[in-house]
Amino acid sequence: MSVLVEVWSDIRCPWCWMGHRQLVAAVERSGVDVDVHHRSFLLEPTGPAESRRPIRQLAVRSWGLTPGEWDQRRDHIQSSGRALGLRISMDSALAIDSRDAHRLIKWAVASGVPALSMWDLAFAAHLEHNENLEDPDALRALATRAGLDAAEADHLLASDAFSDEVVEDHRRAQTLGARGVPTFRVGGRVLSGHHPVDALAEFLVTGATAA
């Protein structure tokens with residue numbers, strides 16, 4: 001019988017994209033038969049105070065970082081991503097309200113798109129190509145790249161479909177004590193943050209044994 005693994009992520013978070021890749025490798029390394037459920041997390045549940053601004057601009061104007069401090073942080077993120085085969089462009093990534101993107105992901109998965117593939121497309125759109133995923137046109141384009149119908153995507157975005165599911169995912173993460181992402185849960189065990197593959201594999205084995 002497979003073991004339920006839950007992973008909470010926000011598409012805005014580069015460490016979450018890395019976490020998705022590392023989880024795949026950890027599953028292979030651990031040998032545990034898993035059923036992975038991808039959950040939504042909102043880094044800013046009410047939306048960013050300065051929406052659609054480039055992250056570098058926010059970092060040096062609003063977050064209190066010097067340009068040098070931001071450059072060091074950016075370089076660390078991007079080099080960590082490259083080690084996993086990911087192209088991450090942090091300077092021009094936009095601070096967005098990711099709620100609609102999460103709704104689109106849930107709809108896509110419910111429509112038959114593999115969850116890992118859909119999340120990967122969304123991460124790449126935001127973190128590699130720096131698309132504005134608050135914009136319905138960008139979200140429609142993301143849907144079509146996943147093989148979904150553009151008109152149906154427009155209908156989804158004009159509604160509030162899957163809003164409750166996104167909020168419930170976020171609430172459950174908070175109930176577990178998660179204040180950041182990625183967060184992984186196996187049975188009663190929770191692991192948050194960026195961890196190497198070996199640590200994730202050990203977490204899976206320990207969690208599966210205790211489940």
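Here the structure is shown first, and the text comes after it.
Our subject in this report is the structure included herewith. Keep in mind that this is a model prediction, so the values were computed, not measured.

Here four strands make up an open sheet; going across it, the order is β2-β1-β3-β4 and the pairing mixed. The open sheet has two free edges, formed respectively by β2 (34–40) and β4 (189–192), since each of these has just one partner strand. If you compare each strand with its neighbour and ignore which way they point, the axes differ by 20° on average. Across the sheet, helix α5 (residues 115–128) is in contact with β1 (3–9) and β2; its angle to β2 comes to roughly 35°.

A separate point is the pattern of salt bridges. Scanning the entire structure with this criterion turns up 18 salt bridges. For the salt bridge of E134 with R52, the shortest nitrogen-to-oxygen distance reads 2.9 Å. With E134 in the loop between α5 and α6 (136–145) and R52 in the loop between β2 and α2 (55–61), this pair connects stretches of sequence that are 82 residues apart. On the accessibility criterion, E134 (16% relative accessible area) is buried. Counted as one network, the salt bridges with shared partners bring together R56, D71, R74, D75 and D91.

Each value, and the rule that gives it
Residues numbered from 1 in each chain as written. Predicted model: local features only at pLDDT ≥ 70, side-chain atom pairs only at ≥ 80, totals over all residues. Heavy atoms only, no water. Pairing = 2+ DSSP bridges. Helix = DSSP H or I, 4+ residues; strand = E, 2+ residues; numbered from the N terminus. Axes fitted to C-alpha atoms, helices over the stretch in contact; angles between N-to-C directions. Contact = heavy atoms within 4.5 Å. Salt bridge = Lys/Arg side-chain N within 4 Å of Asp/Glu carboxyl O. Buried < 20%, exposed > 50% of the residue type's maximum accessible area, 1.4 Å probe, protein only.

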